[in-house]
Amino acid sequence: MKHVRVRYAPSPTGQLHIGNARSALFNYVFARHFGGTFIIRIENTDTQRNVEGGEASQLQNLKWLGIEWDESPDKGGPYGPYRQLERLDLYRSYAETLLEKGYAYKDIREGSDAYAIRFKVPKDKTYVFDDLVRGRLSFDSKDVEDWIIMKDNGIPTYNFAVAIDDHLMAITHVLRGEEHITNTPKQMMVYDAFDWEIPMFGHMTIIVNEEKKKLSKRDQNVIQFIAEYQSMGYLPDAMFNFIALLGWSPPDNEEIKTPEEIIAAFEPSRLSKAPAMFDREKLKYVNSRYIKALDPEVLAAKVRPCLVDAGIDIPSDQWVFELTSLFQDRMTHVQEIVSLYKAFFHDDFNINDEEMIFLKDNDSRVLLESFKEALETVSFESDPINTIIKETGKALGIKGKPLYMGIRIATTGEMHGPSLPHALALLGRERVLARLTQTIKTLRGEL
Ligand code: GLU
């Protein structure tokens, strides 16, 4: 195989979207897997749609995902410039050559000197290519009209500029979204006209939502911009992992993989032909796996600013650490700490019917009275609290569910939750004792 050169060619028309991130990611993985070069080229010829800061924010989001490139507008490289608007002279001169050779003609606007240049589509020609994902595809030239390669304002159209650039930048493999399949024959016409070697093409399937409809940027139910995931506290490696599974599956079926493992396991033949489903639950699952695996100190450092932003009072770093440890196994994203915190520390403590029946059926009153008494003198940390729970249980001959669930209901108003001694330590003496008092009174029929 010759030295692989692939490219991701975003248009700076907005923020980095999950579909674009996937194109970038697969090009990056492809380059790294085959020891090749990964290029970023900015396709900004649709000047009406370009947005201020679009290029910078997209590159920043890619970096955050852990995608690195070798040549680009910001890094330079031997095949620059890497922004199409800085290459207008090149397109113009190649268009002139096509005019001279009779592959294109002027399309003069009536009553003006301005003209566009149209490509003269060959008659009765079939364009065939072996798509890396789809296999053999073929298009008849009779289905393609003579198309504009240069507009009358001197700006090339996408299909022309992309072919010129991919050739001049020595691109060997063009991996992009399925929406570009029908553009490919037009691009092949340009290669043919110059007698250039045609790169390999690979078109990745569309991404669909859970209703199997093509994911649209307007789909409110699915968060689709990488920056949003970043601010919600999704972890870059988890996003990388999830995106890599949109239309690709690892040969060993072990889906949780680091970027390095994905690069090593990557096989273009495993790019799927079927639409890739954006499964929101799966994304949560993947991210929670990465959160679980984080060092609690590292996670606590990520949790802290979320609490601060939510205006939550932070007694100490240790407290943040304890809170984080308590919820580490339950968080799907870092920002979720705020809602978990609020649900846990809410002041409207309440025991529902089912929970009350549990307490009554298990004669929990005596347990709660003894536990409360023992708690009054203990230092309010998880270890001593744990000891008290066990000792109280032992003294009364209660263990397992009646012991732990009884105390949990009486102190948190929940039947299930995070580690009980840790939860109680975090709730703090005052709250725990007040809740125990309230529950005991209710059980005594005093409330
Ligand atoms: N600028 C095009 C896009 O954003 C790139 C298509 C291609 O990779 O050829 O869709």
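The rules behind each value
Residues numbered from 1 in each chain as written. Predicted model: local features only at pLDDT ≥ 70, side-chain atom pairs only at ≥ 80, totals over all residues. Heavy atoms only, no water. Helix = DSSP H or I, 4+ residues; strand = E, 2+ residues; numbered from the N terminus. Rg over C-alpha atoms; globule rule 2.2 N^0.38 Å. Contact = heavy atoms within 4.5 Å. Areas by Shrake-Rupley, 256 points an atom, 1.4 Å probe, with all protein chains shown as cover. Lys, Arg positive; Asp, Glu negative; His and termini not counted. Charge placed at Lys NZ, Arg CZ, Asp CG, Glu CD. Near = heavy atom within 4 Å. Polar contact = N/O pair within 3.5 Å; in protein donor to acceptor, adjacent residues only side chain to side chain. Nonpolar A, V, L, I, M, F, W, Y, C, P; charged D, E, K, R; others polar. Patch = residues over 30% accessible without salt bridge, like charges linked within 9 Å, V, L, I, M, F, W, Y side chains within 5 Å. Salt bridge = Lys/Arg side-chain N within 4 Å of Asp/Glu carboxyl O. Buried < 20%, exposed > 50% of the residue type's maximum accessible area, 1.4 Å probe, protein only. Pairing = 2+ DSSP bridges. Axes fitted to C-alpha atoms, helices over the stretch in contact; angles between N-to-C directions. Phe/Tyr/Trp six-rings, centres within 6.5 Å; stacked < 30°, edge-to-face > 60°.

(A) Quick look at the overall build of the protein. Assigned secondary structure in the protein consists of 18 helices and 11 strands. In terms of C-alpha radius of gyration, the protein reaches 31 Å, well past the compact-globule figure of 22 Å for 447 residues. In terms of overall dimensions, the protein has a C-alpha envelope of 100 × 40 × 35 Å along the principal axes. Pairs at least 24 apart in sequence give 72% of the contacts found in the protein among residues at least 6 apart. Counting only carbon and sulfur atoms, one obtains 48% of the accessible surface of the protein, whose full area is about 21,400 Å². Across the protein, the centroid of the 55 positively charged side chains sits 2 Å from that of the 67 negatively charged ones.

(B) Summary view of unusual backbone geometry. Going from Gly80 to Pro81, the amide bond is cis rather than trans, its omega being -5 degrees. Position of Pro81 among the secondary structure elements: in the loop between α2 (54-65) and α3 (88-101). Of note, Asp363 is a non-glycine position whose phi angle comes to about 50 degrees, a positive value. Within the secondary structure, Asp363 is located in the loop between α13 (353-361) and α14 (364-375).

(C) Spotlight on the site of the ligand. All residues in the neighbourhood of the ligand are listed as Arg7, Ala9, Ser11, Glu43, Tyr158, Val162, Arg176 and His180. For the ligand, a nitrogen atom lies 2.8 Å from a polar atom in the backbone of Ala9. Between the ligand and the protein, one listed contact pairs an oxygen atom with a side-chain N or O atom of His180 at 2.8 Å. Notes on the ligand: free accessible area 300 Å², of which the protein chains cover 83%. Across the shell around the ligand, the residue classes tally to three nonpolar, two polar and three charged.

(D) Local environment of a negative patch on the surface. There is a patch of like negative charges on the surface, built from Asp237, Glu254, Glu260 and Glu261. When you line up the elements, Glu261 lands in helix α8 (residues 259-265). Since its relative accessible area comes to 41%, Glu261 is described here as partly exposed.

(E) Summary view of the sheet that holds strand β3 (residues 104-108). What the three strands build is an open sheet, ordered β3-β4-β7; its pairing is antiparallel. Both edges of this open sheet fall to β3 and β7 (147-150), since each of them pairs with a single strand only. Here the average twist between neighbouring strands, direction ignored, is 45 degrees. Where β3 meets strand β4 (residues 115-119), five bridges bridge the pair, whose relative direction is antiparallel. When the sheet's bridge partners are listed, Ala104 is paired in β4 with Phe119. The sheet strands contacting α3 are β3, β4 and β7, and the helix crosses β4 at an angle near 65 degrees.

(F) Quick peek at the side chain of Arg22. Tracing the backbone shows Arg22 in helix α1 (residues 18-33). Salt bridges are absent for the buried Arg22, whose nearest opposite-charge side chain, Glu179, sits at 6.3 Å. With residues up to four places along the chain from it excluded, the contact list for Arg22 reads Met204, Thr205, Ile207, Ile243, Leu246 and Ala276.

(G) Quick peek at the packing of aromatic side chains. Overall, the coordinates contain 20 aromatic pairs when judged by the stated rule. Ring centres of Phe30 and Phe266 lie 6.1 Å apart, and the angle between their planes is 70 degrees; this geometry places the pair in the edge-to-face category. Linking Phe30 in helix α1 with Phe266 in the loop between α8 and β11 (276-277), this pair joins segments that are 236 residues apart in sequence. Note on accessibility: Phe30 and Phe266 belong to one class, buried. Where Phe194 meets Trp196, the ring centres are 4.4 Å apart and the plane angle is 15 degrees; that geometry is what we call stacked. Pair check on accessibility: Phe194 and Trp196 agree, each one buried.

(H) Quick peek at the pattern of salt bridges. If you walk through the whole model with that rule in mind, you get 28 salt bridges. Here Glu210 and Arg280 are joined by a salt bridge, their closest N and O atoms 3.1 Å apart. Residue Glu210 is located in the loop between β10 (207-208) and α6 (226-232), and its partner Arg280 is located in helix α9 (residues 280-292); the two are separated by 70 residues in the primary sequence. With a shortest N-O distance of 2.9 Å, Asp252 and Lys257 are connected by a salt bridge. Residue class for Asp252 comes out partly exposed when judged on its relative accessible area of 49%. According to the relative accessible area criterion, Lys257 is buried, its value standing at 8%. Within the structure, one salt-bridge network assembled from shared partners comprises Arg7, Arg41, Glu43, Arg87, Asp165 and Asp166.

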